[in-house]
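Examining the three-dimensional arrangement
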Amino acid sequence: MTDPSEEEILHARIRDAWSDFPTPHPDHLQQIAWAHPGLLEAFAGVAPIDVKTTSNAFQGCTPLLDLRPEAAAAYLGPFLLSFLQGAQDQRTLGIFVDLIPRAHLLTCLGLESFWRCTIGPHVAPRAASTLAAFIDYLCRGRRDFAITEANAETMRTLMAIHLRPDEARARR
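Cut-offs applied
- Residues numbered from 1 in each chain as written.
- Predicted model: local features only at pLDDT ≥ 70, side-chain atom pairs only at ≥ 80, totals over all residues.
- Heavy atoms only, no water.
- Helix = DSSP H or I, 4+ residues; strand = E, 2+ residues; numbered from the N terminus.
- Rg over C-alpha atoms; globule rule 2.2 N^0.38 Å.
- Buried < 20%, exposed > 50% of the residue type's maximum accessible area, 1.4 Å probe, protein only.
- Contact = heavy atoms within 4.5 Å.
- Areas by Shrake-Rupley, 256 points an atom, 1.4 Å probe, with all protein chains shown as cover.
- Lys, Arg positive; Asp, Glu negative; His and termini not counted.
- Charge placed at Lys NZ, Arg CZ, Asp CG, Glu CD.
- pLDDT = per-residue confidence, 0-100.
- Core = buried A, V, L, I, M, F, W, Y, C linked by side-chain atoms within 4.5 Å.
- Axes fitted to C-alpha atoms, helices over the stretch in contact; angles between N-to-C directions.
- Parallel < 35°, antiparallel > 145°, perpendicular 65-115°, else oblique.
- Left-handed = near helix turned anticlockwise from the far one by under 90°.
- Nonpolar A, V, L, I, M, F, W, Y, C, P; charged D, E, K, R; others polar.
- Polar contact = N/O pair within 3.5 Å; in protein donor to acceptor, adjacent residues only side chain to side chain.

Bringing the overall build of the protein chain into the picture now. When its secondary structure is counted, the protein chain shows 10 helices and zero strands. For the protein chain, the sequential pattern of α-helices and β-strands runs α-α-α-α-α-α-α-α-α-α. Here the protein chain has a C-alpha radius of gyration of 15 Å; the compact-globule value for 172 residues is 16 Å, and the two agree. Reported as C-alpha extents along the three principal axes, the dimensions of the protein chain are approximately 40 × 40 × 35 Å. Across the 172 residues that make up the protein chain, the buried fraction comes to 44%. Taking the contacts inside the protein chain whose residues are at least 6 apart along the sequence as the reference set, 70% of them involve residues at least 24 apart. When the accessible surface of the protein chain is totalled, it reaches about 8700 Å², and 55% of it is carbon and sulfur. Measuring between centres, the 16 positive side-chain charges of the protein chain sit 5 Å from its 20 negative side-chain charges.

Structure, rendered in structure tokens:
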């Protein structure tokens, strides 16, 4: 038996941490469905952890910046999972094929407003710890993922500012 890869370990941690997020109310999605073809098909009534990240609807959807912050925090999990699967596929194929969800995730993780409004207030400590491990993985592998040092530093800085230690978050 072989040891699990870093991607497999992170995948399990993300699935576990995001299983705590409730399914956002479908009305939160209806308000922006016109701007995101496939949004309702991929996300409506689906628990964040059960989103089919390989579906065409998910692969063509970029909703995180338009959803209510609590729904965006919940559906951040599937984008993290999709990225990890894409990283494994990239290692096997030599190219990445998850262009739209990868670009969307990296854009969100590089925006101070996303961290301030979505991640900081709506990601619980267990998921925050998992997200910190994901950011660390992402920054260490930045060359493989075509992430500049400046972008990696931005993500590290935003993480340091908006992901509080468990004790401080528990008091809020």
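A separate point is the confidence of the model for the protein chain. Across the protein chain, pLDDT averages 91, with 94% of residues at or above 70. Least confident of the elements in the protein chain is helix H10 (residues 166–171), whose mean pLDDT is 40; most confident is helix H7 (residues 112–122), at 97.

Next up on the list: unusual backbone geometry. Phi is positive for Ala146, close to 55°, though the residue is something other than glycine. Looking at the secondary structure, you find Ala146 in the loop between helix H8 (125–140) and helix H9 (149–162). For Ala146, a relative accessible area of 66% gives the class exposed.

One broad trend across soluble globular proteins is that nonpolar side chains are buried collectively. Judged by nonpolar contacts, the single largest core of 52 residues is most densely connected at Trp18, Phe43, Leu109, Leu131 and Phe134. The greatest single-element share of this core, amounting to 12 residues, is contributed by helix H5 (residues 69–93). Not counting chain neighbours up to four residues away, the residues in contact with Phe134 comprise Leu10, Ile14, Leu80, Phe83, Leu84, Leu105 and Leu109.

The N-to-C vectors of helix H1 (residues 6–18) and H8 enclose an angle of 155°; their axes lie 9 Å apart at closest approach. Of the possible angle classes, the one that applies to H1 and H8 is roughly antiparallel. Between H1 and H8 lies a crossing whose hand is left-handed. The segment H1 lies against H8, with Glu6, Glu7, Leu10, Arg13, Ile14, Asp16, Ala17 and Trp18 engaging Arg126, Ala127, Ser129, Thr130, Leu131, Ala133, Phe134, Tyr137 and Arg140. A breakdown of the residues in the contact of H1 with H8 according to their chemical character gives nine nonpolar, two polar and six charged.

Along the chain, Gln90 turns up in helix H5. A residue is classified by how much of its surface remains accessible, and Gln90, at 15% relative accessible area, is buried. Within polar-contact distance, the side chain of Gln90 engages the side chain of Arg102 at 2.9 Å. Ignoring any residue separated from it by four or fewer positions in sequence, one finds Gln90 in contact with Ile95, Phe96, Arg102, Asp144 and Phe145.

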